[in-house]
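Architecture at a glance
Given next are the chains, with one letter for each unit.
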Amino acid sequence: QSVSARIGRVTGRGLGANIREVFPAPVTLTLIFLLFLTNTINIGADLSAMGEAAKMTTGLGGHWWAVGFGLFSLMLQLFMPYHRYVKVLKWLTLVLFAYVAVLLIVKVDWRAALLGVITPTWKLDAKQIMLVVAVFGTTISPYLFFWQSSQEVEEVDGDPAAHALISDPREARPELLRIRFDTYVGMAFSNLIALAIMVATAATLHAHGKTDIATAADAAEALKPVAGQFAFALFSLGIIGTGLLAVPVLAGSAAYAVAEVQGWRSGLEKKPWQAWGFYAVIALAMGLGVIVDFSSLDPIKALVWSAVINGVIAVPIMAATMFIATRKAQMGVFVATPAQRIGGWLATAVMAAAAIAMFVSMATGIGS
């Protein structure tokens, strides 16, 4: 994440525009298409979950709630300038603490949870290896790379006093320190929430044998008798709040990636008629997401498979990102630090190993 932000702030261009200079066009377009596909599936699954959560609290049809949430998110992206919209998204992250609240009010065997974190139990089979790739894909997601780098470009474009560091090195020290602090805090927060969700789910649903969850409604309904009405309400609030946060980021990151690779004007600070291609991709992603919600696609399985695809396509995108970050032709004197190089390439290698292990296990039938 910090390398992606560094690329955007140094070059004044998003990750898509920089990757276009590294990969052949067919490879780049294939990766961007897969990114758009997984983001669209994620949007549909998120809208479905939001609709179901709203239906459980109001009794009204879940599909129409999903349409309403989709239109609301689209209108904000179309007509609210970036500098205002980003503040809405930042404050909206606070709703994620609903999951921490759920964790605090359910009964957790903390000794067993801590031991499980430190010494997890492994079964070397195709399903578990695939889920490892899915967890990587939903944590180290390609759409976050594109979003992070493009937000740095938005900040530069929206501030007359700000410049790409490659053209004005005087701004480098405070900006790179800000990026480092911002990224570390954001990633720590993200992983804290993810861990809270995992532990709360393990202590409630899994502990009571509720392992066949097909929708968010199934999860919330199963949680009610196990953890109580308050936990159920917090979980439902978390679903809606998380969706309102995730859906625009998914649609926006896809639009940034497509527009930058195609050389179109892009940016949430621009009016729709100033960057029609960029906003058309956002509208298309949202529209297809609504169609996914109305389809018979299992939203939980859709989320898992989109995470698996993310875990696979993240590997070449991370490799390209690291190559760009160490390329003086694009980064000048602001190439990635030694720590970033080691960490970035190590993370890429781990992701690649997981993806290769998954394909090998599928081909050989390990554990089946």
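Overview of the structure.

Conventions we followed
Residues numbered from 1 in each chain as written. Predicted model: local features only at pLDDT ≥ 70, side-chain atom pairs only at ≥ 80, totals over all residues. Heavy atoms only, no water. Helix = DSSP H or I, 4+ residues; strand = E, 2+ residues; numbered from the N terminus. Buried < 20%, exposed > 50% of the residue type's maximum accessible area, 1.4 Å probe, protein only. Lys, Arg positive; Asp, Glu negative; His and termini not counted. Salt bridge = Lys/Arg side-chain N within 4 Å of Asp/Glu carboxyl O. Polar contact = N/O pair within 3.5 Å; in protein donor to acceptor, adjacent residues only side chain to side chain. Contact = heavy atoms within 4.5 Å. 1 Å grid on protein atoms, 1.4 Å probe; cavity = no way out; pocket = protein on both sides within 12 Å on 5 of 7 lines; lining within 4 Å. Points joined across faces, edges and corners; volume = space filled by probe spheres on them. Patch = residues over 30% accessible without salt bridge, like charges linked within 9 Å, V, L, I, M, F, W, Y side chains within 5 Å. Areas by Shrake-Rupley, 256 points an atom, 1.4 Å probe, with all protein chains shown as cover. Charge placed at Lys NZ, Arg CZ, Asp CG, Glu CD. Core = buried A, V, L, I, M, F, W, Y, C linked by side-chain atoms within 4.5 Å. Expected span 1.5 Å × (residues − 1).

**Here we look at the side chain of Glu 260**
Positionally, Glu 260 belongs in helix α12 (residues 229–262). Despite its burial, Glu 260 pairs with no opposite charge, the nearest such side chain being Arg 20 at 8.9 Å. Separated by 2.9 Å, the side chains of Glu 260 and Ser 150 make a polar contact. Here Glu 260 is in contact with Gly 14, Leu 15, Gly 16, Ala 17, Arg 20, Ser 150 and Ser 266, once residues within four sequence places are set aside.

**Focus on the layout of surface pockets**
For the second largest pocket, the calculated volume is near 250 Å³. Around the second largest pocket, the lining is made up of 17 residues, and of these Gly 14, Val 153, Glu 260, Trp 264 and Ser 266 lie nearest the centre. When residues in the lining of the second largest pocket are grouped by element, the largest group, four residues, is from helix α9 (residues 142–158).

**Regarding the pattern of salt bridges**
Tallied over the full model, the rule gives six salt bridges. A salt bridge links Asp 168 to Arg 170, with the shortest nitrogen-to-oxygen separation between them at 3.0 Å. Residue Asp 168 is classed as buried on the basis of its relative accessible area of 11%. Of the charged contacts in the structure, one is a salt bridge between Arg 178 and Glu 175, with a shortest N-O distance of 2.8 Å. Here the residue Arg 178 and the residue Glu 175 both occupy positions in helix α10 (residues 172–204), the gap between them amounting to three residues, near one helical turn. For Arg 178, a relative accessible area of 31% corresponds to the partly exposed category. The network of salt bridges with shared partners includes Arg 9, Glu 152, Glu 171, Glu 175 and Arg 178.

**Things to note about a positive patch on the surface**
A surface patch of positive charge is lined by Arg 84, Lys 87, Lys 90 and Lys 271. Locating Lys 87 in the fold gives a position in helix α5 (residues 82–92).

**A closer look at the environment of Val 100**
Looking at the element boundaries, Val 100 is found in helix α6 (residues 97–105). Among all residues touching Val 100, those that are not within four sequence positions of it are Ile 193 and Ala 196.

**A few points about the nonpolar core**
Core analysis: the biggest nonpolar cluster contains 89 residues, and Leu 268, Phe 278 and Ile 282 have the highest contact counts within it. Among the elements that line this core, the one with the most residues is α12, at 17 residues. Setting aside its immediate chain neighbours within four residues, Phe 278 contacts Gly 252, Ala 255, Tyr 256, Ala 259, Trp 264, Arg 265, Ser 266, Gly 267 and Leu 268. Residues Ile 129, Met 130, Ala 134 and Val 308 belong to the second largest nonpolar core, which totals eight residues.

**So, α9**
Every α-helix carries 3.6 residues per turn, so stepping three or four residues along brings you back to the same face. Compared with an ideal rise of 1.5 Å per residue, which puts 17 residues at 24 Å, α9 spans 24 Å between its outermost C-alpha atoms and is within 8% of the ideal. Of all 17 residues in α9, 13 are buried; the element is thus mostly enclosed.

**Notes on a nonpolar patch on the surface**
On the surface, Trp 91, Leu 94, Phe 97 and Leu 192 cluster together into a nonpolar patch covering about 460 Å² of accessible area. Tracing the backbone through its elements, the reader meets Trp 91 in helix α5. The exposure class assigned to Trp 91 is exposed, which follows from its relative accessible area of 65%.

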